[in-house]
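# Working through the structure, step by step
Residue strings, one per chain:
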Amino acid sequence: MKLLRRTLLALLPLSTLLAPSGAGAQAPAWPTKPVRIIVAYPPGGATDMQARLVGQRLSEKWKQPVIVENKPGGNTVIATDAVAKAAPDGHTLLLTAMPFALNPILMDKLPYDSARDLAPVTVLTTISNVLVTAPETGIRSVQDLIARGKAEPGSISFASTGLATSTHLSGELFSSMAGVQLTHVPYKGSAPAHQDLLSGRVKIMFDNGVLQHIKSGRVIALGVTSAKRLPWLPNVPTIAEQGLPGYEASAWYGIFATGGTPADVVRQLAADITTAIRAPDMEPKLEGIGATAGGGTPEEFRRFLAQETTRWGQLVRERNIRVE
């Protein structure tokens, strides 16, 4: 018995080293409570629909409720600020879009520091816009539009869903590359913009939520803003094909956590969201809103953000776009 006791005592230091060291030895289970996805846009739009699609899948995987909360306004600043000031535990997420990357350029002062207070997780989706017009305009192609714009400078108005959105910047890029003067008319969301487009108050729009109007014949698709033709609009040529080589403009939607969220939680978020958004049965649902699945690592998203900020920031400065 004494020999056995001495043997056990001799092995005690080794067993102590090998045993879990209590708090901090193993990352706690996550999530431990409901997760909120704060959406920077109103209910019912493409962004909101994406949040609810992926939120349902994540809720099933995490065995926790995923609550979608809409906080539109302020060019995405209201929603972003809410997440920036949340607890850095991964239970509050932000779903936002391109204006997030450009607001530091567009605005003199923000209530948060984008680099410090938000942690990029992953790209959720990308969506290409479609350049559309009402049949009554008589415009039937990109070349028609350019010719009209040059013959009647300033006569072509284009609607957008707000400053620095992809619907706005697509038009500014077109104007710059085509050498035509377009008049920008911003709206608070797609519904009022579509109403004025259909009524003829504005001539054109670069948008990703007009598929139903194209199918019904209420608008004519002149071109797509993507580098390649879209599978769901195979007969609509790209804008690049129609005399503007190199033209490409797509919206992106990304997920962010609060700055300071543990790196392992951010990585788990990215992995789980990537799996959810790339699920085979998710493809037709995304196609219904014109979206392509994203996903990827936080590091990939950071690089993408840097590229997008550089590219569109140059255009914002060139066109002197500001948010007052």
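Overview of the structure. All of these numbers come straight from a predicted model, not from anything done at the bench.

Turning our attention to the environment of R201. You can see R201 is positioned in the loop between α8 (190-199) and β8 (204-207). On the basis of relative accessibility, which here comes to 59%, the residue R201 falls in the exposed class. For the pair R201 and R317, spaced 116 residues apart in the sequence, the C-alpha separation amounts to 28 Å. Filtering out sequence-adjacent residues up to four positions away, R201 remains in contact with S157 and D196.

With that settled, the discussion passes to the packing of helix α2 (residues 46-62) against helix α10 (residues 263-277). Axis separation between α2 and α10 bottoms out at 9 Å; the angle between their running directions is 120°. In the crossing of α2 with α10, the sense of the turn from one axis to the other is right-handed. Between α2, through V54, R57, L58, K61 and W62, and α10, the contact on the second element is made entirely by Q268, L269, D272, I273 and A276. A class-by-class count of the residues in the contact of α2 with α10 yields 6 nonpolar, 1 polar and 3 charged.

Strand order in the open sheet made by the 6 strands is β2-β1-β3-β10-β4-β11, with mixed pairing throughout. Every other strand in the sheet has two partners, leaving β2 (66-70) and β11 (291-293) as the edge strands with one partner each. Neighbour to neighbour, the strand axes of the sheet diverge by 30° on average, direction disregarded. Relative to β2, strand β1 (residues 35-39) is paired through 5 bridges, and the arrangement is parallel. Considered in β2, the bridge of I38 is made with E69. Packed onto the sheet, α2 meets β1, β2, β3 (92-97), β4 (118-128) and β10 (250-258) and runs at close to 160° relative to β2. Running over the sheet, α10 touches β3, β4, β10 and β11 and is turned about 15° from β4.

With that settled, consider the nonpolar core. Generally speaking, soluble globular proteins have nonpolar side chains that are buried together. Residues L102, L131, F174 and L269 are the most contacted members of the largest nonpolar core, which totals 83 residues. In terms of residues, this core owes the most to one element, α10, which gives 7 residues. Counting residues in each nonpolar core, the second largest holds 18 residues, with A193, V202, V219 and A221 among its members.

A word on the sheet that holds β8. Strand order across the open sheet formed by 5 strands is β7-β6-β8-β5-β9, with mixed pairing between neighbours. Taken across any chain shown, the strands that pair with only one partner, and hence form the sheet edges, are β7 (182-186) and β9 (220-224). Mean inter-strand twist for the sheet, computed between neighbouring axes without regard to direction, equals 30°. Sheet topology note: the strand β6 (residues 156-160)/β7 ladder contains 5 bridges and is parallel. From the neighbouring strand, S157 faces β7, where its bridge partner is T183. Strand contacts of helix α7 (residues 166-178): β5 (130-133), β6, β7 and β8, with the helix running at about 150° to β6, the strand carrying the most contacts.

At a minimum axis separation of 11 Å, α7 and helix α12 (residues 298-318) run at an interaxial angle of 70°. Classed by the angle they form, the pair α7 and α12 counts as roughly perpendicular. By crossing handedness, the relation of α7 to α12 is classed as left-handed. Across the interface between the two elements, L169, E172, L173 and S176 of α7 pack against R311, W312, L315, V316 and E318 of α12.

This part covers the pairing of β1. When you tally the buried positions in β1, you get 4 out of 5 residues, the bulk of the element. As a crossover connection, the stretch from β1 through α2 into β2 is right-handed. Pairing between β1 and β3: 4 bridges, direction parallel. Its bridge partner lying in β3, V39 is registered against L95.

Note on placement: T183 falls in strand β7. Put simply, T183 and E172 are 11 residues apart on the chain and 9.5 Å apart in space, counted from C-alpha to C-alpha. Excluding its chain neighbours within four sequence positions, the residues that come into contact with T183 are G154, I156, S157 and F158. Polar contacts involving the side chain of T183 include one to the main-chain carbonyl oxygen of G154, which spans 3.1 Å.

Structurally, the α-helix is built with 3.6 residues per turn, so residues lying three or four positions apart point the same way. The set of residues buried in α8 consists of A193, H194, D196 and L197. Angularly, the buried residues of α8 cover 165° about the axis, an arc narrow enough to put them on a single face. Of the exposed residues in α8, the ones pointing more than 90 degrees away from its buried face are A191 and Q195. For α8, the secondary structure elements touched by its buried residues are β5, β6, β8 and α9 (211-216).

Attention shifts here to the pattern of salt bridges. Tallying each qualifying case throughout the model produces 12 salt bridges. Between R52 and D48 there is a salt bridge, with the nearest N and O atoms lying 3.0 Å from each other. You can see R52 and its partner D48 sitting in helix α2, 4 residues apart, about one turn around the helix. In this structure R52 comes out as partly exposed when scored by relative accessible area, which is 41%. On the accessibility criterion, D48 (4% relative accessible area) is buried. Close ionic contact of E172 with R319 constitutes a salt bridge, the shortest N to O distance being 2.8 Å. Separated by 147 residues along the polypeptide, E172 in helix α7 and R319 in the segment after α12 bring together distant segments of the chain. Taking relative accessible area as the criterion, E172 reaches 11% and is therefore assigned buried. Given the relative accessible area of 31%, R319 is considered partly exposed. If you follow the salt bridges from partner to partner, you end up with R36, E69 and K71 in one network.

What counts as what
Residues numbered from 1 in each chain as written. Predicted model: local features only at pLDDT ≥ 70, side-chain atom pairs only at ≥ 80, totals over all residues. Heavy atoms only, no water. Helix = DSSP H or I, 4+ residues; strand = E, 2+ residues; numbered from the N terminus. Buried < 20%, exposed > 50% of the residue type's maximum accessible area, 1.4 Å probe, protein only. Contact = heavy atoms within 4.5 Å. Axes fitted to C-alpha atoms, helices over the stretch in contact; angles between N-to-C directions. Left-handed = near helix turned anticlockwise from the far one by under 90°. Nonpolar A, V, L, I, M, F, W, Y, C, P; charged D, E, K, R; others polar. Pairing = 2+ DSSP bridges. Core = buried A, V, L, I, M, F, W, Y, C linked by side-chain atoms within 4.5 Å. Parallel < 35°, antiparallel > 145°, perpendicular 65-115°, else oblique. Right-handed = clockwise from strand over helix to strand, strands pointing away. Polar contact = N/O pair within 3.5 Å; in protein donor to acceptor, adjacent residues only side chain to side chain. Arc of directions from axis to C-beta. Salt bridge = Lys/Arg side-chain N within 4 Å of Asp/Glu carboxyl O.

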